[in-house]
Amino acid sequence: MVLAVPALPDRASGARLTAAIYKSDVTDGVNFLANPPQFIGTQNASQAIANGTWAAITLDVELTDSYDGHSLVTNTSRYTAQVTGWYEVCGVVSWSNSSTVGSRGARLHVNGTPLLGSAVVLGAGTLPAAVATATRTVFLNATDYVEVAGGQNSGGSLSTVNSGVDATSGLWVSWSHV
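**Here we look at the environment of Ala-81**
Part 1 of the reasoning: In this fold, Ala-81 is placed in the loop between strand S5 (79–80) and strand S6 (85–95).
Part 2 of the reasoning: C-alpha of Ala-81 to C-alpha of Ser-157: the two residues are 76 residues apart in sequence and 32 Å apart in space.
Part 3 of the reasoning: Not counting chain neighbours up to four residues away, the residues in contact with Ala-81 comprise Tyr-87, Leu-140, Asn-141, Ala-142, Thr-143 and Asp-144.

Pasting the structure below:
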């Protein structure tokens, strides 16, 4: 259910308040603000990422998708904005501990392009490392898409891992304002 972003009414002085005007001016806006676009997608199946590359993380589980901006069939790494506005976006990549060499990272992409300053890179560890991208406020037009990408330089291919609540790759997107 996609609702329109509310707009401030512009009524002439002395205009009559009818049920239709009230619905347009008040009810529609309240309904949108009570049900804004929200998305939480996670990764259940591990994904191999080649050494020295960044790859969009596939999201095969939808915990919530209030405006149908994600597909479990096509372009599964993407959340596509259904309404224009500013969004809070956060991505996490959880890595296998099969190598303690190199570094692991996560970063946000908008329309396939890395978002300036969004990468977080940490050294390899002995436990699955959930690498969180700092939450960013991003302006998206309707049809723009966001992704979280994972990158690593362990010397070989390395897989993401789902270790339950504490270490699961995913993407969180929430409409903030116009």
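Having seen it, we continue.
**Observations concerning a nonpolar patch on the surface**
Part 1 of the reasoning: A cluster of nonpolar residues, Leu-17, Tyr-22, Val-26 and Val-30, forms a patch on the protein surface that exposes about 380 Å² of accessible area.
Part 2 of the reasoning: Here Val-26 lies in helix H1 (residues 19–34).
Part 3 of the reasoning: Of the residues examined, Val-26 reaches a relative accessible area of 33% and is grouped as partly exposed.

**Concerning the packing of aromatic side chains**
Part 1 of the reasoning: Considering all chains together, one arrives at 4 aromatic pairs under this definition.
Part 2 of the reasoning: Taking 4.7 Å as the distance between ring centres and 90° as the angle between the ring planes, the aromatic pair formed by Phe-32 and Trp-175 counts as edge-to-face. Residue Phe-32 is located in helix H1, and its partner Trp-175 is located in strand S14 (residues 170–177); the two are separated by 143 residues in the primary sequence. Considered together, Phe-32 and Trp-175 belong to a single accessibility category, that of buried residues.
Part 3 of the reasoning: Among the aromatic residues, those joined into a ring-pair cluster are Phe-32, Tyr-67 and Trp-175.
Part 4 of the reasoning: The positively charged end of Arg-78 is found above the aromatic ring belonging to Tyr-145, 3.8 Å away from the centroid.

**A short note on the confidence of the model for the chain**
Keep in mind that low pLDDT regions are not for reading the predicted coordinates in detail.
Part 1 of the reasoning: Per-residue confidence for the chain gives a mean pLDDT of 88, with 94% of residues at or over 70.
Part 2 of the reasoning: Ranking the helices and strands of the chain by mean pLDDT puts S5 first, with 98, and strand S10 (residues 129–132) last, with 65.

Calculation rules
- Residues numbered from 1 in each chain as written.
- Predicted model: local features only at pLDDT ≥ 70, side-chain atom pairs only at ≥ 80, totals over all residues.
- Heavy atoms only, no water.
- Helix = DSSP H or I, 4+ residues; strand = E, 2+ residues; numbered from the N terminus.
- Contact = heavy atoms within 4.5 Å.
- Patch = residues over 30% accessible without salt bridge, like charges linked within 9 Å, V, L, I, M, F, W, Y side chains within 5 Å.
- Areas by Shrake-Rupley, 256 points an atom, 1.4 Å probe, with all protein chains shown as cover.
- Salt bridge = Lys/Arg side-chain N within 4 Å of Asp/Glu carboxyl O.
- Buried < 20%, exposed > 50% of the residue type's maximum accessible area, 1.4 Å probe, protein only.
- Phe/Tyr/Trp six-rings, centres within 6.5 Å; stacked < 30°, edge-to-face > 60°.
- Lys NZ or Arg CZ within 6 Å of the ring centre and 35° of its normal.
- pLDDT = per-residue confidence, 0-100.

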